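Listed below, chain by chain, are the residues.
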Amino acid sequence: MQRFVSSIEDTPFLSLCCQTQLTFLLCVAAVAWEAGKPLVIEEVEVAPPQAMEVRLKILYTSLCHTDVYFWEAKGQKPIFPRILGHEAAGIVESVGEGVTDLAPGDHVLPVFTGECKECAHCLSEESNMCNLLRINTDRGVMLSDGQSRFTIKGKPINHFLGTSTFSEYTVVHSGCVAKINPLAPLDKVCVLSCGFSTGFGATVNVAKPTKGSTVAVFGLGAVGLAAAEGARVSGASRIIGVDVNPKRFEEAKKFGVNEFVNPKDYDRPVQEVIAEMTGGGADRSVECTGNIDAMISAFECVHDGWGVAVLVGVPHKDAVLKTHPVNFLNERTLKGTFFGNYKPRSDLPSVVERYMNKEIELEKFITHEVTFSEINKAFDYMLQGASLRCIIRMDG
């Protein structure tokens, strides 16, 4: 449902509409009114894009565990009402002043982090941590003017991660939008805007395993399986999956994992188990759980002299990683990564092309699909541990 409107009662964004020839519109969105309560499909008003912003028509979105984490609001500042969602694909509906590299009709991926292409990080070949547009989980408004582009009967509704893709239409900073091949199937490549790229990039861009090497992946959720896919594509001969849930092992075989370790099966540290299995340690490890003990194990399980461990999971804010300095002196390397070290606008189009060229497989990550009106089912599937990625079709 979408309806353009040219007048409205006095609302917080009335002044926005007067600044542009574009109109605001009415559409439906899934609104989180309270922590942990089912989302409610509501009619929302979406203001026009302002300078350096674009308004997108979202065609497909998917549920990431980050959405669930902030919906539950157990470990961070609760911000409600809010329109969640950050893993999606759609089409540019309109652009604001100053936007020159996007136009209506472009096929795009909105991304929770951005690339201004001007700051020191964007100009560096090594970093994707844009000073202007890096992730901000507490900001519920647009960067330019501190206002929301969403209202319901005049009441502002908070944005989420600058994307808010659980809405038929959303407004995003143009630096957080990657223009992609219009032939790419949006119901598949939508998963590239967060989870897959985070795990896959951690392996291929940061760990960089060589052909024939051994890679240990800690945590076999969606991000961990993407990391395993990266190891498979890189030609690793041994991909060791480490997880305390044995039910994940069979599914992981589809992603190249060919050996499995459940830490609960041993009465000694899992890093010792992996070192024994591999004759001294894995060549590379990728940690995707956020558990501090798994992080320590991932670092200590790599081979001295050349082993590289990459941390992907986000730990508790008070967590402290402790390991003996000798582990570093023996030439083990510990790295961290954010969004797989991908620059959203520069790099994601090439990841889409890798999918189009059948170099990577996305279909096996998509385990469920629901209509937009059934969005709460996607939450149920994830909470039950039944899904990797559930695609939400915005046309139903």
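In what follows, the structure referred to is the one given above.
Presented here is an overview of the structure given in this document.

Definitions and limits used
- Residues numbered from 1 in each chain as written.
- Predicted model: local features only at pLDDT ≥ 70, side-chain atom pairs only at ≥ 80, totals over all residues.
- Heavy atoms only, no water.
- Phe/Tyr/Trp six-rings, centres within 6.5 Å; stacked < 30°, edge-to-face > 60°.
- Helix = DSSP H or I, 4+ residues; strand = E, 2+ residues; numbered from the N terminus.
- Buried < 20%, exposed > 50% of the residue type's maximum accessible area, 1.4 Å probe, protein only.
- Expected span 1.5 Å × (residues − 1).
- Pairing = 2+ DSSP bridges.
- Axes fitted to C-alpha atoms, helices over the stretch in contact; angles between N-to-C directions.
- Contact = heavy atoms within 4.5 Å.
- Salt bridge = Lys/Arg side-chain N within 4 Å of Asp/Glu carboxyl O.
- Bend = angle between axes of the 7 residues up to and from the residue.

1. What about the packing of aromatic side chains?
Applying the stated rule across the entire model yields 12 aromatic pairs. Relative to Phe200, the ring of Phe196 lies with its centre 5.0 Å away and its plane at 20°, an arrangement referred to as stacked. Note that Phe196 and Phe200 are positioned in helix H5 (residues 195-207) at a spacing of 4 residues, about one turn of the helix. According to the relative accessible area criterion, Phe196 is buried, its value standing at 3%. Cluster of aromatic residues (ring-pair linked, three or more members): Phe112, Phe338, Phe339 and Tyr342.

2. Section: helix H6 (residues 222-234)
For H6, built from 13 residues, the straight-helix expectation of 18 Å at 1.5 Å per residue is met to within 8% by its first-to-last C-alpha distance of 18 Å. Residues of H6 that are buried include every one of Ala222, Gly224, Leu225, Ala226, Ala227, Ala228, Glu229, Gly230 and Ala231, and no others. Trailing H6 by a residue or two, Gly235 shows a phi angle of about 90°, which is positive.

3. Let's talk about the sheet that holds strand S16 (residues 333-336)
Spatially, 6 strands are ordered S13-S12-S11-S14-S15-S16 in an open sheet, and the strand pairing comes out parallel. Every other strand in the sheet has two partners, leaving strand S13 (259-261) and S16 as the edge strands with one partner each. Strand-to-strand twist in this sheet, taken as the mean axis angle between neighbours without regard to direction, amounts to 20°. In terms of strand pairing, strand S11 (residues 214-218) meets strand S12 (residues 238-242) through 5 bridges, oriented parallel. Within S12, the residue paired with Val215 across the bridge is Ile239. The strands touched by H5 within the sheet are strand S14 (284-287), strand S15 (308-311) and S16, with S14 carrying the most contacts at an inclination of about 145°. Contacts from helix H8 (residues 270-278) reach S11, S12 and S13 within the one sheet, and its direction differs from that of S12 by about 160°.

4. A short note on the pattern of salt bridges
Taken as a whole and judged by the stated rule, the model has 21 salt bridges. Salt-bridge contacts for Asp106 lead to Lys179; the nearest nitrogen and oxygen are separated by 3.8 Å. Residue Asp106 is located in the loop between strand S5 (87-95) and strand S6 (107-110), and its partner Lys179 is located in strand S10 (residues 177-179); the two are separated by 73 residues in the primary sequence. Overall, the relative accessible area of 13% leaves Asp106 in the buried class. Taking relative accessible area as the criterion, Lys179 reaches 44% and is therefore assigned partly exposed. Here the salt bridges share partners, and the residues they tie into one network are Glu229, Arg232, Glu361 and Lys364.

5. Observations concerning H5
Taking 1.5 Å of rise per residue, 13 residues should cover 18 Å, and H5 covers 17 Å from first to last C-alpha, within 8% of that figure. Along its length, H5 reaches its greatest deviation from straightness, about 35°, at Gly201. Taken together, the buried positions of H5 are Gly195, Phe196, Ser197, Thr198, Gly199, Phe200, Gly201, Ala202, Thr203, Val204, Val206 and Ala207.

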